[in-house]
Amino acid sequence: MKGPISQFIEKHYLHFNSASLVDAAKAYEQQLANGAKMMVSMAGAMSTAEIGKIFAEIIRQDKVQIISCTGANLEEDIMNLVAHSHYERVPNYRDLTPEDEWALLERGLNRVTDTCIPEHEAFRRLQKHIYKIWKDADDKGERYFPHEFMYKMLLSGVLEEYYEIDLKDSWMYAAAEKNLPIIVPGWEDSTMGNIFASYVIKGDLKASTMKSGIEYMTFLADWYPKNSTNGIGFFQIGGGIAGDFPICVVPMLYQDMEMHDIPFWSYFCQISDSTTSYGSYSGAVPNEKITWGKLDIKTPKFIIESDATIVAPLIFAYLLDL
């Protein structure tokens with residue numbers, strides 16, 4: 001039985017982007033009913049936008065089987081967990097002058113649109129603990145993926161003293177509990193990635209201790225065929241590398257590995273505020289992906305041109321029967 005949010009959506013979201021939202025949500029639901037699995041890819045700053053408040057429940061209820069996200073989303077969910085009270089909202093961010101921005105920097109506040117992440121309480125608090133886990137692996141000659149190091153930190157309990165939000169609102173903790181596979185392409189382009197690089201430059205850690213993006217692709221190339229019996233759908237929040245990297249596993253397996261029986265992605269939906277444009281991945285229409293061997297002619301395809309912080313929670317609410 002659908003709850004009041006889902007009923008409201010079905011009654012009022014009848015045209016244009018709102019109708020696409022409903023169609024995409026119903027098709028996502030049908031994928032799961034058919035036994036298909038689902039990848040959710042997250043670009044942007046969805047963790048700082050506190051998507052964990054609902055996405056964590058999507059994970060707990062097995063409505064996503066694998067995640068792809070940027071290094072920023074990987075770390076910022078944990079930062080919100082341990083430093084939430086130190087974050088500052090800047091509702092008038094559109095009016096800030098360069099001098100206003102500099103004043104935020106001097107206070108140790110890094111702005112993400114209307115929200116400032118506190119450097120000391122968030123970045124440095126994580127650095128202190130993740131370094132010990134990196135170093136321990138480095139000393140033992142062990143190697144792990146970026147998300148595996150984060151899982152180790154979360155499950156070890158070393159951060160418990162800092163928790164500032166309800167643990168059930170952390171999607172990373174929900175994922176760690178299930179040991180959900182996460183693909184983090186371009187992890188180096190994140191604060192923790194920069195910090196890890198600094199330790200490599202200083203000679204404290206070996207670069208090889210952190211498994212690479214190529215190894216993420218080889219992991220995905222092994223995971224995809226084993227899990228695609230009933231199809232694997234692709235639900236993309238935003239654009240960029242979090243979406244483009246994992247979706248390419250299908251043409252890679254088909255064209256480069258010559259696995260000609262590999263199935264296409266069985267569903268595709270993108271939430272994007274990028275308008276259709278020239279040469280842009282985020283602004284490409286789904287049909288373009290047919291020419292790259294990612295989607296089939298008959299793959300259900302949806303694009304919702306709107307703010308993901310509005311759309312994603314509504315779709316997830318529909319999937320949870322809220």
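Rules of the game
Residue positions are counted from 1 within each chain, in the order its sequence is given. Note on the predicted model: pLDDT of at least 70 is required for a residue's local features to be given, and 80 or more for side-chain atom pairs to be given and counted; whole-chain, interface and lining totals, by contrast, use all residues. Side-chain figures throughout are based on the complete set of non-hydrogen atoms in the structure, without hydrogens or water. UniProt positions are given in the numbering used here, feature names are shortened, and annotations may be inferred rather than shown by experiment. Where helices and strands are cited, they refer to DSSP runs of H or I of at least four residues and of E of at least two residues respectively, numbered from the N terminus. For every residue, the accessible area obtained with a 1.4 Å probe (protein chains only) is divided by the maximum for its type, and the residue is called buried under 20%, exposed over 50%, and partly exposed between those limits. Any two residues having at least one pair of non-hydrogen atoms within 4.5 Å are treated as being in contact. Only the protein chains shown count as cover for residues, and the accessible areas themselves come from Shrake-Rupley with a 1.4 Å probe. His is not counted here, nor are the chain ends, while Lys and Arg score as positive and Asp and Glu score as negative. Just so you know, the charge point we use is NZ for Lys, CZ for Arg, CG for Asp and CD for Glu. Any pair of Phe, Tyr and Trp rings, taking the six-membered ring for Trp, is counted once the centres come within 6.5 Å. Such a pair is stacked with planes under 30 degrees apart, edge-to-face with planes over 60 apart, and tilted for the rest. For two strands to count as paired, DSSP must find a minimum of two bridges between them. The axes are straight lines fitted to the C-alpha atoms, using for helices just the contacting stretch, and the angles between their N-to-C directions are given from 0 to 180°. One fewer than the residue count of a helix, multiplied by 1.5 Å, yields its expected span. The labels follow the angle: roughly parallel below 35 degrees, roughly antiparallel above 145, roughly perpendicular from 65 to 115, and oblique for the rest. Each helix crossing is assigned a hand: it is left-handed if the near helix lies turned anticlockwise from the far helix by less than a right angle, otherwise right-handed if that turn is clockwise. In the scheme used here, Gly and all other residues not listed as nonpolar or charged are polar, with Ala, Val, Leu, Ile, Met, Phe, Trp, Tyr, Cys and Pro taken as nonpolar and Asp, Glu, Lys and Arg as charged.

The name that an unreviewed UniProt entry assigns to the protein chain is Deoxyhypusine synthase-like protein, with the source organism given as Flavobacterium bizetiae. Recorded in UniProt under Sequence similarities (unreviewed entry), the annotation for the protein chain is "Belongs to the deoxyhypusine synthase family."

Undergrad: Sorry if this is basic, but what is going on with the overall build of the protein chain here?
TA: What the protein chain contains, in helices and strands, is 13 helices and 9 strands. Seen through its C-alpha atoms, the protein chain measures out along the principal axes to roughly 50 × 50 × 40 Å. A burial count over the protein chain gives 51% of its 322 residues as buried. Partitioning the intrachain contacts of the protein chain with sequence separation of at least 6 by distance along the chain shows that 78% fall at a separation of at least 24. By element, 52% of the accessible surface of the protein chain is carried by carbon and sulfur atoms, the whole surface being about 15,000 Å². Of the side-chain charges in the protein chain, 29 are positive and 44 negative, and the distance between the mean point of each set is 4 Å.

Undergrad: It is not clear to me how the packing of aromatic side chains should be interpreted in this structure. Could you clarify?
TA: Given two aromatic rings, their pairing is described by the distance between the two centres and the angle made by the two planes. One pass over the full model with this rule turns up 18 aromatic pairs. Residues Phe 145 and Tyr 216 carry aromatic rings whose centres are separated by 4.2 Å and whose planes lie at 15° to one another, so their mutual orientation is stacked. Residue Phe 145 is found in the loop between helix 6 (119-140) and helix 7 (146-156), and its partner Tyr 216 is found in helix 10 (residues 213-227); the two are separated by 71 residues along the sequence. Overall, Phe 145 belongs to the buried group, its relative accessible area being 6%. You can call Tyr 216 buried: its relative accessible area is 1%. Judged by centre distance (5.8 Å) and plane angle (45°), the ring pair of Tyr 267 and Phe 302 falls under tilted. Pair noted here: Tyr 267 is in strand 8 (residues 267-272) and Phe 302 is in strand 9 (residues 301-305), with a separation of 35 residues, a long-range link.

Undergrad: Can you help me understand the sheet that holds strand 6 (residues 182-183) in this one?
TA: Picture the strands of a sheet paired through backbone hydrogen bonds; they go either parallel or antiparallel. Pairing is parallel across the open sheet formed by 6 strands, whose spatial order is 6-2-1-7-8-9. Two strands bound the open sheet, and with one partner strand each, they are strand 6 and strand 9. Pairing between strand 1 (residues 37-42) and strand 2 (residues 66-69): 4 bridges, direction parallel. When the sheet's bridge partners are listed, Met 39 is paired in strand 2 with Ile 66. The strands touched by helix 13 (residues 308-319) within the sheet are strand 7 (232-237), strand 8 and strand 9, with strand 7 carrying the most contacts at an inclination of about 145°.

Undergrad: Is there a simple way to think about helix 4 (residues 71-83) in this case?
TA: For an α-helix the count is 3.6 residues per turn, leaving residues at separations of three or four pointing the same way. Between the first and last C-alpha of helix 4 there are 18 Å, a value that for 13 residues agrees with the 18 Å anticipated at 1.5 Å per step. Extensive coverage of helix 4 is indicated by the burial of 13 of its 13 residues.

Undergrad: Help me understand the packing of helix 3 (residues 52-60) against helix 8 (residues 171-178) in this model?
TA: Between two packed helices, the angle of one axis relative to the other and the distance separating the axes together describe the packing. The geometry of helix 3 relative to helix 8 is characterised by a closest axis approach of 8 Å and an angle of 15° between their N-to-C directions. When the interaxial angle is binned, helix 3 and helix 8 end up roughly parallel. In terms of crossing hand, the pair formed by helix 3 and helix 8 is right-handed. On the side of helix 3, the interface is formed by Gly 52, Phe 55, Ala 56, Ile 59 and Arg 60, while helix 8 contributes Trp 171, Ala 174, Ala 175 and Lys 178. In the contact of helix 3 with helix 8, the residues fall into 6 nonpolar, 1 polar and 2 charged.

Undergrad: Just to check I follow, could you spell out the sheet that holds strand 5 (residues 115-118) for this structure?
TA: If you walk across this open sheet you meet the 3 strands as 3-5-4, and the pairing is antiparallel. Only two strands of the sheet have a single neighbouring strand rather than two, namely strand 3 (88-89) and strand 4 (109-112). Inspection of the sheet shows strand 3 paired to strand 5 by 2 bridges, in the antiparallel sense. Paired with Glu 88 across the bridge in strand 5 is Cys 116. The sheet contacts of helix 6 involve strand 4 and strand 5, and relative to strand 5 the element is tilted by about 50°.

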